[in-house]
Amino acid sequence: MIEVEAIATDILSLAAVVAAYVGVVKGYGINPKHSHVIALAIAAVFVLVPDFIQQKLLAVSVVGLTASGAYQYVKKRDGGNGGNS
């Protein structure tokens, strides 16, 4: 049961990082209709690389996205209430 909880936590963490990256890409003027494909591509990078590389990518992403304020962008877009705006 603990393994299922760990997997769920990993998925939620990756989903937040992917959402932040999609927000950054949209900020550069990419057509929003392409956001689903962009999200799948970014998620594929995280999921398909070996675990040790995934951990490094995740650490770099969290630090970089946090420092750039990308998580603020996701919060602003969602209205700060988990997407129920």
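Procedures and definitions
Residues numbered from 1 in each chain as written. Predicted model: local features only at pLDDT ≥ 70, side-chain atom pairs only at ≥ 80, totals over all residues. Heavy atoms only, no water. Helix = DSSP H or I, 4+ residues; strand = E, 2+ residues; numbered from the N terminus. Buried < 20%, exposed > 50% of the residue type's maximum accessible area, 1.4 Å probe, protein only. Contact = heavy atoms within 4.5 Å. Areas by Shrake-Rupley, 256 points an atom, 1.4 Å probe, with all protein chains shown as cover. Patch = residues over 30% accessible without salt bridge, like charges linked within 9 Å, V, L, I, M, F, W, Y side chains within 5 Å. Salt bridge = Lys/Arg side-chain N within 4 Å of Asp/Glu carboxyl O. Phe/Tyr/Trp six-rings, centres within 6.5 Å; stacked < 30°, edge-to-face > 60°.

(A) Molecular detail of the overall build of the protein. Each helix and strand in the protein was counted, giving four helices and zero strands. Residues classed as buried in the protein amount to 19% of the 85 residues present. The long-range fraction of contacts in the protein, counting pairs at least 24 apart against all pairs at least 6 apart in sequence, stands at 53%. Counting only carbon and sulfur atoms, one obtains 68% of the accessible surface of the protein, whose full area is about 6200 Å².

(B) A look at a nonpolar patch on the surface. On the surface, a nonpolar cluster with roughly 310 Å² of combined accessible area is contributed by Val 24, Tyr 28 and Ile 30. Within the secondary structure, Ile 30 is located in the loop between α1 (2–27) and α2 (35–48). When its relative accessible area of 37% is taken as the criterion, Ile 30 is described as partly exposed.

(C) Looking closely at the environment of Thr 66. Structurally, Thr 66 can be placed in helix α3 (residues 51–68). It is 9.8 Å that separates the C-alpha atoms of Thr 66 and Val 17, two residues lying 49 residues apart in sequence.

(D) Quick peek at the packing of aromatic side chains. Counted under the stated rule, the structure contains one aromatic pair. The interplanar angle of 35 degrees and the centroid separation of 6.5 Å between the aromatic rings of Tyr 21 and Phe 46 together place this pair among those described as tilted. Placement of Tyr 21 in helix α1 and of Phe 46 in helix α2 is noted, with a sequence separation of 25 residues between them.

(E) Focus on the environment of Ile 42. One can find Ile 42 in helix α2. What Ile 42 contacts, discounting residues up to four positions off in sequence, is Val 18, Tyr 21 and Val 22.

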